[in-house]
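Letter by letter, the chains look like this.
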Amino acid sequence: MGEKVMTAPTKLDKVVADEILAVIRTKFDLDDASNIEVTSIEVDQDELKIRIELLITTTERPEMLAKSYFGLTGKVREALGSDWSGFFPVITPQINSGMHA
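The rules behind the values
- Residues numbered from 1 in each chain as written.
- Predicted model: local features only at pLDDT ≥ 70, side-chain atom pairs only at ≥ 80, totals over all residues.
- Heavy atoms only, no water.
- Pairing = 2+ DSSP bridges.
- Helix = DSSP H or I, 4+ residues; strand = E, 2+ residues; numbered from the N terminus.
- Axes fitted to C-alpha atoms, helices over the stretch in contact; angles between N-to-C directions.
- Contact = heavy atoms within 4.5 Å.
- Core = buried A, V, L, I, M, F, W, Y, C linked by side-chain atoms within 4.5 Å.
- Buried < 20%, exposed > 50% of the residue type's maximum accessible area, 1.4 Å probe, protein only.
- pLDDT = per-residue confidence, 0-100.
- Salt bridge = Lys/Arg side-chain N within 4 Å of Asp/Glu carboxyl O.

Caption draft 1: Up close: the sheet that holds strand E2 (residues 49–58). The three strands lie next to each other as E1-E2-E3, forming an open sheet whose pairing is mixed. The open sheet terminates on both sides in strands that have one partner only, identified here as strand E1 (35–44) and strand E3 (88–97). Across the sheet, the mean angle separating the axes of adjacent strands is 15 degrees when strand polarity is ignored. Bridge count for E2 against E3 is 10 bridges, and the pairing is parallel. The residue of E3 that forms the bridge with Ile56 is Ile95. In this fold helix H2 (residues 62–69) packs onto E2 and E3, with an angle of close to 165 degrees to the strand it touches most, E3.

Caption draft 2: Here's a closer look at the pairing of E2. Here E1 runs beside E2; their pairing, made up of nine bridges, is antiparallel. Bridged to Val38 within E2 is Leu54. Once E1 ends, the chain turns through four residues before running back antiparallel as E2, passing Leu48 with a positive phi of about 55 degrees.

Caption draft 3: Geometry of the nonpolar core. Membership of the largest hydrophobic core comes to 21 residues, with the highest contact counts inside it found for Ile20, Ile24 and Phe28. For this core, the secondary structure elements donating two or more residues are helix H1 (14–28), E1, E2 and helix H3 (72–80). No other element matches the five residues that H1 contributes to this core. If we ignore the near neighbours within four places in the chain, the residues touching Ile20 are Leu12, Ile52, Val76, Ala79 and Leu80.

Caption draft 4: Seen up close, the confidence of the model for the protein. Summing up the model confidence of the protein, the mean pLDDT is 83 and the portion of residues at 70 or higher is 86%. Ranking the elements of the protein by mean pLDDT puts H2 last, at 83, and H3 first, at 93. pLDDT under 50 marks residues 1–7. Its contacts with residues more than four places away, or in other chains, come to one contact.

Caption draft 5: Fine view of the pattern of salt bridges. Per the counting criterion, the structure on display carries six salt bridges. Of the charged contacts, one joins Lys49 and Glu47 as a salt bridge, the two residues approaching to 3.2 Å between their closest N and O atoms. With a relative accessible area of 29%, Lys49 lands in the partly exposed category. Glu63 is the salt-bridge partner of Arg61, the closest N and O atoms lying 2.8 Å from each other. The exposure class assigned to Glu63 is partly exposed, which follows from its relative accessible area of 40%.

Here you go:
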């Protein structure tokens, strides 16, 4: 008695996290030499947000990456599925440009 019932999971499972990464990779459509890594996924139950931090290592120009960013939030929301429909994904990319061999 008196326990708080959560209506949504407090942590994303690996399958959902993998789906988010797949959507992000598809949306950015970078060459094979580029790399996209999810460095952090944090669920904020109070603000109903999912904070996703990315590290993108590429030689692509920042303008090209910015074009790919348009519409990404909607695609990630779809990948989250109905269990997370009330949550808003906040996606923060960090760009590491100019890869070295």
